Amino acid sequence: KNQVEQSPQSLIILEGKNCTLQCNYTVSPFSNLRWYKQDTGRGPVSLTIMTFSENTKSNGRYTATLDADTKQSSLHITASQLSDSASYICVVSAVVLQGAQKLVFGQGTRLTINP
Amino acid sequence: DGGITQSPKYLFRKEGQNVTLSCEQNLNHDAMYWYRQDPGQGLRLIYYSQIVNDFQKGDIAEGYSVSREKKESFPLTVTSAQKNPTAFYLCASSTQGRGVQPQHFGDGTRLSIL
């Protein structure tokens, strides 16, 4: 069964600190892995997309890693800011028939940055 | 600015009533999607459309219906057959070109039961 599991479920850190969010998946055949940021009451916004051949990708203070062998990904946030408070969603894309892609969403990690 | 507009932001449904959620995009994307988001769960696909006048059921299509008469518009109707409609509904779109195509999301409609 295609699944995406994220940990921790929630996390609270102080402003300026770093943190790492985890994503494990069992999706097959793998196409790509995405991290989204979702502010409360808003739609998700794409942070990074990584294909099988990429093992790290950065977007400002956000750095995503991918280990396709162990089927794990992480999202590292450096020097956190209050505006980083949001849910972070890991999404894995599987290739289905005729090249279409099926997205499998994790349940998200709720990150709170305290001043 | 290009983007996806969902309306209304909040919607209330009475027993036995059908309600329609609007989704409009000006990104010139071919594919459009509807997701449902419940607390503590990942997004689940309701319906998707890869081209005008064509759409496919997702994982949880029962109690929902869609239409795709225009490229820009993909409205979702929550029918009275959907017994647990309270959720946050997200519309998304993407291109159909080669390579990895990110999905762009609207800001959602929160549906509640009166």
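This text goes with the structure placed above it.
Residues numbered from 1 in each chain as written. Chains lettered and ligands numbered in written order. Predicted model: local features only at pLDDT ≥ 70, side-chain atom pairs only at ≥ 80, totals over all residues. Heavy atoms only, no water.

K.L.:
Would you take a moment to explain the overall build of chain B for this structure?
P.N.:
For chain B, the helix and strand inventory stands at 0 helices and 11 strands. For 114 residues, the compact-globule formula gives about 13 Å, and the C-alpha radius of gyration of chain B, at 13 Å, lands near that figure. Dimensions of chain B, computed from C-alpha atoms along their principal axes, come out at roughly 45 × 25 × 25 Å. Per-residue burial over chain B gives 45% buried out of 114 residues. Of the roughly 5,800 Å² that chain B leaves accessible, carbon and sulfur atoms contribute 46%. For chain B, the distance from the average site of its 12 positive side-chain charges to the average site of its 11 negative ones is 4 Å. (Helix = DSSP H or I, 4+ residues; strand = E, 2+ residues; numbered from the N terminus. Rg over C-alpha atoms; globule rule 2.2 N^0.38 Å. Buried < 20%, exposed > 50% of the residue type's maximum accessible area, 1.4 Å probe, protein only. Areas by Shrake-Rupley, 256 points an atom, 1.4 Å probe, with all protein chains shown as cover. Lys, Arg positive; Asp, Glu negative; His and termini not counted. Charge placed at Lys NZ, Arg CZ, Asp CG, Glu CD.)

K.L.:
Help me understand the interface of chain B and chain A in this model?
P.N.:
Note on interface size: it is often stated as the accessible area lost on association of the parts. If you look at the interface, chain B gives 18 residues, while chain A gives 18 residues. For the pair chain B and chain A, the interface holds 2 salt bridges. Taking the shortest distance from any N to any O, the salt bridge between Lys102 of chain A and Asp59 of chain B comes out at 2.9 Å. Put simply, chain B and chain A have 6 residue pairs in polar contact (both at pLDDT 80 or more) between them. Broken down by secondary-structure element, the contributors of at least two residues to the side of chain B that touches chain A are strand 4 (31-37) and strand 9 (87-94) of chain B. Here the residues of the side of chain B that touches chain A are counted per class, giving 7 nonpolar, 8 polar and 3 charged. (Contact = heavy atoms within 4.5 Å. Salt bridge = Lys/Arg side-chain N within 4 Å of Asp/Glu carboxyl O. Polar contact = N/O pair within 3.5 Å; in protein donor to acceptor, adjacent residues only side chain to side chain. Nonpolar A, V, L, I, M, F, W, Y, C, P; charged D, E, K, R; others polar.)

K.L.:
Looking at this model, I keep getting lost on the environment of Glu54 of chain A. Mind explaining?
P.N.:
All names here are of chain A. Within the secondary structure, Glu54 sits in the loop between strand 5 (45-51) and strand 6 (56-59). Residues Glu54 and Ala68, 14 residues apart in the sequence, show an inter-C-alpha distance of 9.1 Å. Not counting chain neighbours up to four residues away, the residues in contact with Glu54 comprise Ile49 and Leu66. Looking at Glu54, its side chain comes within polar contact range of the main-chain nitrogen of Thr51, at 2.8 Å.

K.L.:
Help me understand the pattern of salt bridges, please; the structure alone is not making it clear to me.
P.N.:
All names here are of chain B. Following the criterion strictly, the structure yields 7 salt bridges over all chains and no others. With a closest N to O distance of 2.8 Å, Asp38 and Arg36 form a salt bridge. Neither residue differs from the other here; Asp38 and Arg36 are each classed as buried. Each of Arg36, Asp38 and Arg44 takes part in salt bridges that share partners, so that together they form one network.

K.L.:
Even after reading the chapter, I still don't get the sheet that holds strand 3 (residues 19-25) of chain B, so can you show me in this structure?
P.N.:
Two modes of strand pairing occur in sheets, parallel and antiparallel, and in both the strands are linked by backbone hydrogen bonds. Residue and element names in this part refer to chain B. Strand order in the open sheet formed by 4 strands is 1-3-8-7, with antiparallel pairing between adjacent strands. The sheet terminates laterally at strand 1 (4-7) and strand 7 (64-66), the two strands that pair on one side only. Neighbouring strand axes in the sheet, compared pairwise and without regard to direction, differ in orientation by 20° on average. As defined by bridge partners, strand 1 adjoins strand 3 across 4 bridges and the pair is classed as antiparallel. Across the sheet, the residue bridging to Gln6 is Cys23, located in strand 3. (Pairing = 2+ DSSP bridges. Axes fitted to C-alpha atoms, helices over the stretch in contact; angles between N-to-C directions.)

K.L.:
Could you clarify how one ought to interpret the packing of aromatic side chains in this entry?
P.N.:
The geometry of an aromatic ring pair is captured by two quantities: the separation of the ring centres and the angle between the planes. Counted under the stated rule, the structure contains 9 aromatic pairs over all chains. Ring geometry for Tyr62 of chain A versus Tyr88 of chain A: centroids 6.1 Å apart, planes at 45°, classification tilted. Residue Tyr62 of chain A is found in strand 7 (residues 62-67), and its partner Tyr88 of chain A is found in strand 9 (residues 86-95); the two are separated by 26 residues along the sequence. Overall, Tyr62 of chain A belongs to the buried group, its relative accessible area being 9%. A ring pair is formed by Tyr35 of chain B and Phe105 of chain B, whose centres lie 5.8 Å apart and whose planes are at 40°; its orientation type is tilted. Of the two residues, Tyr35 of chain B sits in strand 4 while Phe105 of chain B sits in strand 10 (residues 104-105), which places them 70 residues apart along the sequence. By way of ring pairs, the aromatic residues Tyr36 and Phe105 of chain A together with Tyr33, Tyr35, Tyr48 and Phe105 of chain B are connected into one cluster. (Phe/Tyr/Trp six-rings, centres within 6.5 Å; stacked < 30°, edge-to-face > 60°.)

Just geometry here; none of it tells us what the structure is for.
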